[in-house]
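# Residue-level structural notes
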Amino acid sequence: MPIEPEPFEEGLPHRFFTLKQVAAMLATSEAQVYALVRAGDLPAIKIGGRGQWRVENRELDQWIQAQYRKTRVGDEDALDREDVSDSDADRDIRVQASRREN
């Protein structure tokens, strides 16, 4: 279940999170989240005249799931493409497992 800050209006969840909120949800530093965004690893948008970063909740959830897949595969570079489907991830897991057996 995703961790979300309090709704800004009764019953309406946040669509976008600040980098500070994302850092709190991931139990990491705001600097680490900023580095992920700047590197293009975590999709985000810049808003306003001061260029404040926002991460869409859907993008954060997808990024977290991709990190789980990478962990299961055991290869940091195996799933860097965003277009990898779960079936591709499952295949990659089987390939990695068969390589370990040989």
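These remarks concern the structure in this document. (Residues numbered from 1 in each chain as written. Predicted model: local features only at pLDDT ≥ 70, side-chain atom pairs only at ≥ 80, totals over all residues. Heavy atoms only, no water.)

Next up on the list: the overall build of the chain. Tallying secondary structure elements over the chain gives four helices and three strands in all. For the chain, the succession of helices and strands along the chain, N to C, is β-α-α-β-β-α-α. Per-residue burial over the chain gives 28% buried out of 102 residues. When the accessible surface of the chain is totalled, it reaches about 7400 Å², and 48% of it is carbon and sulfur. (Helix = DSSP H or I, 4+ residues; strand = E, 2+ residues; numbered from the N terminus. Buried < 20%, exposed > 50% of the residue type's maximum accessible area, 1.4 Å probe, protein only. Areas by Shrake-Rupley, 256 points an atom, 1.4 Å probe, with all protein chains shown as cover.)

For the rest of this paragraph, the subject is the sheet that holds strand β3 (residues 52-56). Spatially, three strands are ordered β1-β3-β2 in an open sheet, and the strand pairing comes out antiparallel. Two strands lie at the open edges of the sheet, namely β1 (16-18) and β2 (45-47), each paired on one side alone. Sheet twist, expressed as the mean angle between neighbouring strand axes with direction ignored, is 45°. Lying over the sheet, helix α3 (residues 57-73) contacts β1 and β3, oriented at roughly 65° with respect to β3. (Pairing = 2+ DSSP bridges. Axes fitted to C-alpha atoms, helices over the stretch in contact; angles between N-to-C directions. Contact = heavy atoms within 4.5 Å.)

Summed over the entire model, instances satisfying the criterion amount to three salt bridges. With a shortest N-O distance of 3.5 Å, R58 and E56 are connected by a salt bridge. On the basis of relative accessible area, R58 is assigned to the partly exposed category, the value being 43%. When its relative accessible area of 14% is taken as the criterion, E56 is described as buried. Through salt bridges that share partners, R15, E56, R58 and E59 make up one connected network. (Salt bridge = Lys/Arg side-chain N within 4 Å of Asp/Glu carboxyl O.)

The subject of this paragraph is helix α1 (residues 19-26). Of the positions making up α1, those classed as buried are L19, V22, A23 and M25. The buried residues of α1 all sit within an arc of 165° when viewed along its axis, so they share a single face. Residues of α1 that are exposed and point over 90 degrees away from its buried face: K20 and A24. Packed against the buried residues of α1 are β1, α2 (30-38), β3 and α3. (Arc of directions from axis to C-beta.)

With that settled, the discussion passes to unusual backbone geometry. Of note in this structure, A27 is not a glycine but carries a positive phi near 55°. Assessed through its relative accessible area of 73%, A27 is described here as exposed.

The grouping of F16, I45 and I47 at the surface amounts to a nonpolar patch, some 220 Å² of accessible area in total. In this structure, I47 sits in strand β2. (Patch = residues over 30% accessible without salt bridge, like charges linked within 9 Å, V, L, I, M, F, W, Y side chains within 5 Å.)

All right, on to the environment of R15 then. For R15, the location among the structural elements is in the segment before β1. A C-alpha to C-alpha distance of 9.5 Å links R15 and R54, two positions 39 residues apart in sequence. Excluding residues within four positions of it along the chain, R15 makes contact with V55, E56 and N57. Of the polar contacts made by the side chain of R15, one reaches the side chain of E56; its length is 2.9 Å. (Polar contact = N/O pair within 3.5 Å; in protein donor to acceptor, adjacent residues only side chain to side chain.)

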